[in-house]
Amino acid sequence: INSTETPVKEKHARRIILGTHREKGAYTFWSYALGFPLASSSILSWKFCHVLHKVLRDGHRNVLQDCMRHHSSLVEIGKLWAHLHDKYGQLVALYTKLLCTKMEFHVKHMEIPPNLEATDEVLERTAGTDINNVFQLTVEVFDYMDTELRLAETVLRQLNTSIAISTLTSGQCRLAPLIQVIQDCSHLYHFTVKLLFKLHACLPADTLQGHRDRFHDQFHSLKTFFNKARDMLYFKRLIQIPKLPDVRTQSDGGEQMDIFDQTFGPPNGGFDDRDLQIESLKRDLELLRAELERVKAEAQRYITQLKSQINSLEAELEEQRAQKQRALVENEQLRMELEAMRRRNAEYDSLQTTFIEAEKRAQATEQRYNKLKEKHTELVTSHAELLRKSADTVKMLSATQQTQDEVERTKQQLSFEVDRIKQEADMKVGCYSEYRGLSHITGQTSPQTFSTICVFWLPLSPICLFQTSVQMNSSMTALQAEKERLMRSVSEKEAELSSLRQAAQVQQSSLQQERERNSRELGELQGKLQDKASQEELLKQKLLEEQFALLQGTVTEAENIIQDAVAKLDDPLHIRCTSSPDYLVSRAESTLTSIDKLKKGHAEYLTNMNDAGALLRALTQFSHLAADTIVNGSATAHMAPTDHADKLTENCRTCATESLQFLKDLKTKITLQKADPAFIRVIVQKILHLGQELRPKSMDIRQDELGDLVDKEMAATSAAIEEAVRRIDEMMNQARKDTSGMKLEVNERILNSCTDLMKAIRMLVVASTDLQKEIVEGGRGAATIKEFYARNSRWTEGLISAAKAVGWGATEMVESADKVVLHTGKYEELIVCSHEIAASTAQLVAASKVKADRNSKKLSTLQQASRLVNEMAANVVASTKTGQEHLEEKDTMDFSGMSLIKLKKEEMESQVKVLELESQLENERLRLGELRKKHYVLAGVPLDQVSEGNGETFSTTHPVSMSPKPTKPTLMKKPALAQKPNIPPKTMQHILDLFVNS
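What counts, and at which threshold
- Residues numbered from 1 in each chain as written.
- Predicted model: local features only at pLDDT ≥ 70, side-chain atom pairs only at ≥ 80, totals over all residues.
- Heavy atoms only, no water.
- Helix = DSSP H or I, 4+ residues; strand = E, 2+ residues; numbered from the N terminus.
- Buried < 20%, exposed > 50% of the residue type's maximum accessible area, 1.4 Å probe, protein only.
- Contact = heavy atoms within 4.5 Å.
- Areas by Shrake-Rupley, 256 points an atom, 1.4 Å probe, with all protein chains shown as cover.
- Patch = residues over 30% accessible without salt bridge, like charges linked within 9 Å, V, L, I, M, F, W, Y side chains within 5 Å.
- Salt bridge = Lys/Arg side-chain N within 4 Å of Asp/Glu carboxyl O.
- Axes fitted to C-alpha atoms, helices over the stretch in contact; angles between N-to-C directions.
- Parallel < 35°, antiparallel > 145°, perpendicular 65-115°, else oblique.
- Left-handed = near helix turned anticlockwise from the far one by under 90°.
- Nonpolar A, V, L, I, M, F, W, Y, C, P; charged D, E, K, R; others polar.
- UniProt positions renumbered as here; feature names shortened; annotations may be inferred.
- Phe/Tyr/Trp six-rings, centres within 6.5 Å; stacked < 30°, edge-to-face > 60°.
- Lys NZ or Arg CZ within 6 Å of the ring centre and 35° of its normal.
- Expected span 1.5 Å × (residues − 1).
- Polar contact = N/O pair within 3.5 Å; in protein donor to acceptor, adjacent residues only side chain to side chain.
- Core = buried A, V, L, I, M, F, W, Y, C linked by side-chain atoms within 4.5 Å.
- pLDDT = per-residue confidence, 0-100.

A separate point is the overall build of the protein chain. Counting secondary structure elements, the protein chain contains 30 helices and 2 strands. Out of the 998 residues in the protein chain, the part that is buried amounts to 36%. The long-range share in the protein chain, meaning contacts at least 24 apart out of those at least 6 apart in sequence, stands at 79%. A total of about 58100 Å² of accessible surface is found on the protein chain, and carbon and sulfur atoms cover 55% of it.

Below you can see the structure in the form of C-alpha cells.
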C-alpha cells in the first residue's frame, strides 16, 4: 500500500489475508493501517480501500468486528476526499461509502458472510417468514447494489476502455478493485432475484412496483457494466464475468415482452381484494404457526447452544485457571531457581574468598615451616658441634684423669721414697750412735776388730750423712713443690671439667626442649596440611559442581534463545520481516566461527573441568549467532523463490533442532562426552550456500569502482540517446528522399514519435542524474562520493543496471526503426522495444526514488519526466499500429464461388491452422516464461515477485515438508459465479496484444 499508481500486488494481499487467519482478526492490519497518511494521498487511500475490501471478503470472520471499530474513520476519509476535486478522491469517497455499507449490512445480517457466498437456505433463514423483514432486506440489498454499481460506473467513466489504457499500470490501478465489485454484484444479483420471487409470492405486483422499477434499473446498469468489463483485456486474464439474460424476449403471440413481467407476472395480478385478504390471512396464520414452531425450535436450539457455550466457557475457565496455576507454579519454580542460583553464586564467591584465604594461610604456614626447618637445621648443626666439643672435653677429662692418676702414683712413689729415705736416715742415725759407742769401745778392742769396724762404718761418716741429709731435704722440697703444682693443676682441671659438664648438660637440655618443640610443631603442621588437603579436595569438588551448574544455566538460557528464534518462524508478525542474502551470509559465517570456538571450548572443558569459562563464552556467542541466523534465514526466505524459500526454512528449522539436541547433550554428565556440534556446522554451511545462491550475480565489480561506474554508465546512456536521436534524424532525411505518399507519412509519424520518446528519455536521464547528485550530497555526510556508493552498493548496482537497460533499449529501438523504415523488420519489434524502454526507464526511476526525499522538487521533476516517457511510448505504439494498419493489405474474404465440400475443407484447414497457432502460442508463452525466469535469476530478483508483478505464473512444485510453517500461498479461488477462464485466445491479434502487454 503506497502512493505509486500501480495495482496492489496479489502476493502482498494474500499475505495480509493469511495473517488475519493466523491472528484470527485484523488487529495487526489496522495497527499498521492507522499509520498511513490517507488524508495526504488519494492513490494511497484508493489502494488501502482495495486491500480492505479484499480483507473483508477473504479474511477471517472476526475481521468484520475489527473493521467496525474504525467505521467512523472510514466515513471521515470519505467525506474529506468527497470535497476535493481529484479523480482518485471522488473514487475514494465512493469506495469508502461502499465499504461502510458492506460492513453495516453484514454486521446486521451476521449469517451472510462478507464474501456473500451464502446458500439459498441461509438467505431464507436470514429473510425469515415475516414479509416485512423480507421487504426490508430487499431494500438493503438494493442499496448495497447501488453503491457497488456507482463505484464501477465512476471508474469506467474516468477511463478510456481501449486496450492500451487497460494494460497500463495507471489504468490497472483503477480497474483492480472492480474484480471484487464483479464478485459482489454477481451474488447480490442472485440475492435480489431470490428475494423478489419471495416477495411476489406473498404480495401483489402493484405493491412491489417500486422494487420492480429499481431492479429494472440495476439490471440494466449491471448488464452494461459486465459487457464493458468483458471487452477489456485486463479482466479476461483474471476473472470470468457472468452473462445476464436479454431484457426483451419473444412471447407466444410473437410480440415483445419484458423479462420482468414474464418472470414475476404483470403489474396487476387480477385478484379481488377480499380474496387477497383471505389468502393473506391464511398465509399469515400459516406463517405465524411456522414462526411459532421456528421460534420454539430456535429457542430450544439457543438454549442448547447457550448450555454448550456455558460448558465450553466453564471448561475454558477451568483451563485458564489451570494454566494460571501452572504459570504461578512455574513462576515460583523459576523464582526459587533464581534464588538458588543467586545463593550458589554467593556461596561460590564465599568459597572462592575462603579458598584464597586458605591459600594465603597455607603460604604463611609454608613460610613458617621453612623457617622452622632452617632453625631446626641450625640446631642440629649446633648440637653436633656441641657433641664434638663434649667428646673433646671427655677426651681432655680422661687425659686429666690419667694425669691425676700418674700424679697419685708419683705421689705414692714419693711417699714411699720418703719413707724409705726416713728409714735409711734412721738406720744411719742408729749406726752413728753405735759408731760413737764403738769409738768408746776401741780403746778396749784389739786393732783387728777396730779395723773391721772402721772398714764397716767408714762410709758412714758424719760428712757423708750430712750431705745425704741435705740432698734428701732438697729432694723433699722439690717433691713438695711438684706435688703442690700438680694439685693446683688437678683442681684447675676438675673445675674446668665441672664447668664443661654443666655447659654440656645445659646444652643437652636446650637441645632436648628444642627437639620436643620442633616435633610438636611438625605434628601440628602435618595436621594442618592434611586439613588443608582435605579442604582443597572439598573446594575442588564444589568448584566442579559450580562450574557444571553454571554450564547448565548457560545451556538453559541458550535453549531459550534458540526456542524463541524458532517461535518467530511461526509468528504471523514475522511474515512482514525481510532480510538480504548478504546479511544472512555474514551471520552464517559468524555462526561457523562460533561453532569452531564452541568445539574448542568443549574440548578444553573435557580436559580441565575446573575451568568452564571458554565453553560458557562460546555457548553464549553461539546461541545468539545461531538464533540470529535462524531468524534472518526465515526473513530472507520471505523474499526468495519458492524452492529456495522452502529449503532455507527447512534448514533453519533443522539447525534449531540440531542446536537444541547439542545443548541437551551438554546438560547431563553422561552425554557430555559425546556432544558434537558437527551436525550443526553442516546445516549452517547449507544455509550459507543457499544465501550465496540468493545473492545478486553482479558482485564481480569492486566496491571502489562503483562510483566511477555509475558516472560512466549515466554518461554512456546519455551518449547512446544522443546517438539514437542523430540516427533517427538521418533515417528521417533518408526516408524523405526514398519514399513518398502514404509510406512517407507513416515513416515520418513513426520516426517523429521515436524522436519524441528519445527526447523524453533524455529529459528523464538528466532529471535522474540531478536527483542522484542530490541524494549523494544529502546522504554521504563526511564520506566521499565513492565511499557513499560503496556503502550503498545494492542501490548503486540497481542504478547501473537501469542505466545499462535504458542505453541498450535506445540502441535497439533505433535498429528496429531503421528496419521498419527499410521494410526489412517487423512493426512488432518496434512496439516491443518501446515497451522495453518504458520498463527500463521505470526501473531507473524506481532506483532513483528509493533513497530520495519525498518532498524533493527534483523527485517531482523525475516523476513528470517518467509520465512523459510513458505517454511517448504509448504514442510510439499507437503510431506503429496505425502505420501497420495503413500499409498492410488485408485479403478480402470472398467465399461465394465455393461449394459446400470446398467450404468444409477450408474450414478444416483453418481449424488446423488455428490449432497450430495455439500450439505455437503456448510454446512461445512457455519459452517467454523460461527466458524471464533466467533473466531474473541472473539479475538476482526473486521469481515470486516477478511473476506476480508481470502477470506471469511460474508453476513450481512445493517440496513435501513436515514443517508446520505454511508454504507460499497460492491464488485464492474465485466464487463459483466468477471463475478464471480456461480457454486461451485464438487470434493472432491477441497474440500481438500479449506481446505488447509483456
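There is more to say after this.
The grouping of Y302, L306 and I310 at the surface amounts to a nonpolar patch, some 290 Å² of accessible area in total. Its place among the elements puts Y302 in helix α15 (residues 273–442). On the accessibility criterion, Y302 (40% relative accessible area) is partly exposed.

On to the packing of helix α7 (residues 120–127) against helix α11 (residues 178–202). Direction vectors running N to C along α7 and α11 enclose 55°, while the axes themselves pass 11 Å from each other. Our classification of the angle between α7 and α11 gives oblique. Seen along the crossing, α7 lies across α11 with a hand that is right-handed. Each of D120, L123, E124 and A127 in α7 lies in contact with α11, whose residues at this interface are H190, F191, K194, L195 and K198. Split by residue class, the contact of α7 with α11 holds 4 nonpolar, 1 polar and 4 charged.

Take the UniProt feature "coiled-coil region" (unreviewed entry) in the protein chain next. UniProt's entry tags residues 271–375, 476–503 and 898–934 with the feature "coiled-coil region" (unreviewed entry), counted in the numbering of this structure. Taken end to end, residues 476–503 is 100% helix and 0% strand, and its first and last C-alpha atoms sit 40 Å apart.

Right, let's get into the pattern of salt bridges. A full pass over the atoms with the stated rule returns 23 salt bridges. Across the pair E5 and R174 runs a salt bridge, and its minimum N-O distance is 3.5 Å. Of the two residues, E5 sits in the segment before α1 (10–23) while R174 sits in helix α10 (residues 169–175), which places them 169 residues apart along the sequence. Overall, E5 belongs to the partly exposed group, its relative accessible area being 27%. According to the relative accessible area criterion, R174 is buried, its value standing at 10%. Notably, a salt bridge pairs R681 with D596, separated by 2.7 Å at the nearest N-O pair. In this pair, R681 is assigned in helix α21 (residues 678–694) and D596 in helix α18 (residues 581–607), connecting sequence segments 85 residues apart. Connected through shared salt-bridge partners, R57, K102 and D184 make up one network.

Packing of α1 against helix α3 (residues 42–58) leaves a shortest axis separation of 10 Å and a crossing angle of 45°. Between α1 and α3, the angle falls in the class oblique. Our pair here, α1 against α3, has a crossing hand that is right-handed. Of the residues in α3, those touching α1 at E10, A13, I16, I17, T20 and H21 are V51, K54, V55 and D58. For the contact of α1 with α3, a count of residues per class yields 5 nonpolar, 2 polar and 3 charged.

This part covers the packing of aromatic side chains. Within the structure shown, the criterion is met by 11 aromatic pairs. The interplanar angle of 35° and the centroid separation of 6.0 Å between the aromatic rings of Y189 and F219 together place this pair among those described as tilted. Linking Y189 in helix α11 with F219 in helix α12 (residues 209–231), this pair joins segments that are 30 residues apart in sequence. Note on accessibility: Y189 and F219 belong to one class, buried. Relative to F235, the ring of Y234 has its centre 5.5 Å away and its plane inclined at 75°; by these criteria the two rings are edge-to-face. We classify Y234 as buried; its relative accessible area is 7%. Overall, F235 belongs to the buried group, its relative accessible area being 1%. Positioned above the aromatic ring of F548, the side-chain terminus of K669 is 5.1 Å from the ring centre.

With that out of the way, let us pick up helix α8 (residues 131–158). Taking 1.5 Å as the rise per residue, α8 with 28 residues should run 40 Å; its terminal C-alpha atoms sit 41 Å apart, in good agreement. At the N-terminal end of α8, a side-chain oxygen is found 3.2 Å from the backbone nitrogen of N132, two or three residues along, and the residue is D130.

Further remarks concern the side chain of T755. Mapped onto the elements, T755 comes out in helix α23 (residues 741–779). Discounting chain neighbours no more than four positions away, the residues touching T755 are I728 and D729.

By size, the foremost hydrophobic cluster in this structure holds 76 residues, and its most contacted members are W46, L52, L175, L178, L222, F225 and F235. When residues in this core are grouped by element, the largest group, 12 residues, is from α11. Once residues within four sequence positions are removed from consideration, L222 is found in contact with M145, L149, C185, Y189 and L244. Counting 45 residues, the second-largest nonpolar core is a separate cluster that includes V765, V814, A817 and L862.

Once that is clear, we can look at the side chain of K102. Mapped onto the elements, K102 comes out in helix α6 (residues 87–108). A distance of 2.7 Å separates the side chain of K102 from the backbone oxygen of P114, its partner in a polar contact.

Within the protein chain, residue pLDDT values average 77, and 80% of them lie at 70 or more. The low-confidence segment residues 267–272 (pLDDT under 50) makes 8 contacts with residues lying over four places distant or belonging to another chain. Contacts of residues 454–458 to residues separated by more than four positions or lying in other chains number 6 contacts, the stretch itself having pLDDT below 50.

To continue, consider the environment of I1. Relative to the helices and strands, I1 resides in the segment before α1. Under the relative-accessibility criterion, I1 is labelled partly exposed at 34%. Taking the C-alpha atoms as reference points, I1 and H12, separated by 11 residues in sequence, lie 9.0 Å from one another. Among residues more than four places away in sequence, those in contact with I1 are F36, L44, F48 and V51.

A separate point is unusual backbone geometry. For K24, which is not glycine, the phi dihedral falls at a positive 60°. Tracing the sequence through the fold places K24 in the loop between α1 and α2 (27–33). Since its relative accessible area comes to 54%, K24 is described here as exposed. One non-glycine residue with positive phi stands out, namely L116, at about 65°. Tracing the backbone through its elements, the reader meets L116 in the loop between α6 and α7.

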